[in-house]
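A closer look at the structure
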Amino acid sequence: MRYILPVIVAFLFIIEGTWFQVFFPASFDQDLYWMPRFAFVAIVFISIYRGAVHGLFFGIITGFFHDVVYSYIIGIYMFSYGLLGYMAGFNFSAVKSRPIVVLLIMLVGLAGLETLIYFMYTWTGVAFVGFEEFATTRLMPSLLLNGAFGIVILFPMRKIFQWIEERERMQENV
Amino acid sequence: MPHFFSNKRLILLMVGIIVLVILVGLTMREREQATIPEQIVQDSVGAVQSVFQRPAYFVRGIYDDFIHILNVHEENERLKEHLNDYAMLRSELDGLREENESLTSMYDGMESLSSFTSIPALVIERQPDRWTETIGINRGTQHGVEADMAVITEEGLIGRVQYTSAFTSQIQLLSDGEQTNRVSAKVAVEDDEPAIGFIEGWDHEQDLLIMQKVDSENELEVGQFVSTSGLGGLFPADLPIGEIVGVEIDEYGLTQNAYIQPSADYYNINHVMVIDREQGNLEGIQEDFENLQEEQEEEEESEGSGE
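Residues numbered from 1 in each chain as written. Chains lettered and ligands numbered in written order. Predicted model: local features only at pLDDT ≥ 70, side-chain atom pairs only at ≥ 80, totals over all residues. Heavy atoms only, no water.

1. Overview of the overall build of chain B
As a reminder, the rule being used: Strands are runs of DSSP state E lasting at least two residues, helices are runs of H or I lasting at least four, and both sets are numbered from the N terminus onward. A contact between two residues is defined here by any heavy atoms of the two lying within 4.5 Å.
Helix and strand counts for chain B stand at four helices and twelve strands. A fraction of 59% describes how many contacts in chain B between residues 6 or more apart in sequence connect residues 24 or more apart.

And the structure:
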């Protein structure tokens, strides 16, 4: 069961591009872009509960896969997932015991991620929308969707983190 | 974010940014085939994605069927109306087909611009962040897919193969606004030569394709159908693209732009066909050209020796 966290992140990464796109397809008359960032939400939680270095490595590896599988420019997601995965690592017990604070950090991290990716895509010439349009059609829906997703998975994931910590403590005692 | 801006971490951040710039710079240009490590990642993730995607399509299919059952009466009425035209179209089609066969048989071994073979494929992923509009399919170079091939659904053209790997490939949809995504298209004009133009660009506000560089002498009208012209060399002719919904003269007044409502749905795609254009035709023309050149050279030589 050492691999439970990588499996969770990999699963969320896969369903972003497959199940989500099949069951909630966009259409021509939709103006908002609902971007799933499920794997990133999980990475922020891992970074908070397990430590910033965990967040960094999960972020870099997931970002690398995102770059290679979904686009031909390599580095954008690797850098931003890694950086924000690390920066979200508020590994204090005062934070960990307050779900509201954890969710708030997750939302701030998400907003940072979307903005960072927006600026990097503008820099590489992929995106060409104004910041205002980006904020209303992409940032806001993303915060709503992934915030809701974060609320759903936070409590099951806290159980998993507690379980992992207990196992670690038991192993230390043995 | 404990002590984020300490010296060691700042240096690591700088190194990260430098690596980012190098990686982006190296991979940004258009590439036909992914590098070997990328291919391994793409193909193995692709295999997992196919496993996820098949049951999802199954469930989605059941849902769609359910919706269909609710609409079945309405649809039946509509189909009955269509059926009246069907007999007439059928007889017309038979006549045209015979005519076409007799005409094509007159050309010795010439394949038409629209001949192609197709490779069916399953859509295994779609770019979730939607900054670029791409989808992935479970067919790659091993199945004969090559970069720049046309990709269609039963409703019409949806895009081109952007790059390939051994068992998967990435499709760039026409709704991706990149300028390299350019298709030579034609508009059928009654009793006249078809109007030729280029599909380039995507109008993000109205979600319409933009067809540019159409000669302003051609009379474009709302409701005309647009299809590929086969002149670009990559795509075969007569793949449906969409219907004109708006026309405007471009800024210099020499050409006109048409706005096109795509006939295919770019969002709800399960199965696609990759179109492999039969190149025999083009090679034949090239050979003809070479023969012609040789003949001319020989003539010149003989003329030269005659003097």
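Additional details are given in the paragraphs that follow.
2. Observations regarding the interface of chain B and chain A
Test applied: Throughout, buried area stands for the accessible area (probe radius 1.4 Å) lost by two parts on being put together, summed over both. Salt-bridge detection follows one rule: a side-chain nitrogen of Lys or Arg within 4 Å of a carboxyl oxygen of Asp or Glu. Classification convention: Asp, Glu, Lys, Arg as charged; Ala, Val, Leu, Ile, Met, Phe, Trp, Tyr, Cys, Pro as nonpolar; all other residues, Gly among them, as polar.
Taken together, the contact between chain B and chain A spans 50 residues of the former and 53 residues of the latter. Taken together, both faces of the contact between chain B and chain A bury some 4,700 Å²; the carbon and sulfur share is 69%. Broken down residue by residue, the surface that chain B buries against chain A is led by B:F52, B:P128 and B:W131, which jointly contribute 18%. In this assembly, chain B and chain A are joined by zero salt bridges. Among the secondary structure elements, those contributing two or more residues to the side of chain B that touches chain A are α1 (7-27), α2 (36-70), β1 (116-126), β4 (156-164) and β11 (255-262) of chain B. Ranked by residue count, the leading element in the side of chain B that touches chain A is α2(B), at twelve residues. Looking at the side of chain B that touches chain A, its residues break down into 26 nonpolar, 13 polar and eleven charged.

3. Focus: the confidence of the model for chain B
Put simply, the rule reads: Confidence per residue, as judged by the predictor, is encoded in pLDDT with a range of 0 to 100.
Scored by pLDDT, chain B has a mean of 81; 86% of the residues are at 70 or more. The least confident element of chain B is helix α4 (residues 280-306) of chain B, whose mean pLDDT is 62; the most confident is strand β2 (residues 134-137) of chain B, at 91.

4. Here we look at the pairing of strand β5 (residues 169-173) of chain B
Residues and elements named next belong to chain B. Operational definition: Partly exposed describes any residue whose relative accessible area lies between the buried limit of under 20% and the exposed limit of over 50%, with all areas from a 1.4 Å probe on protein chains only and scaled to the type maximum. Pairs of strands are assigned from DSSP output, requiring at least two bridges between the strands.
Of all five residues making up β5, five are buried, and the element is well covered by its neighbours. Bridge analysis of β4 against β5 gives five bridges, and the strand direction is antiparallel. Bridged to V161 within β5 is I171. In sequence, β4 turns back onto β5 through a hairpin of four residues.

5. Points about the sheet that holds strand β12 (residues 271-277) of chain B
Keep this limit in mind: Lines are fitted to the C-alpha atoms to define the axes, a helix being fitted only along its stretch in contact, and any angle between axes, read from their N-to-C directions, falls within 0 to 180 degrees.
Pairing is antiparallel around the closed barrel formed by six strands, whose spatial order is β1-β2-β5-β4-β3-β12 (chain B). Here the average twist between neighbouring strands, direction ignored, is 45°. Pairing analysis gives seven bridges linking β1(B) to β12(B), with the strands arranged antiparallel. Paired with B:P120 across the strands is B:M273, a residue of β12(B). Relative to the sheet, helix α4 (residues 52-70) of chain A contacts β1, β2, β4 and β5 of chain B, its axis offset from that of β1(B) by approximately 160°. Of the strands in this sheet, β1 and β4 of chain B are in contact with α2(B), which crosses β1(B) at around 85°.

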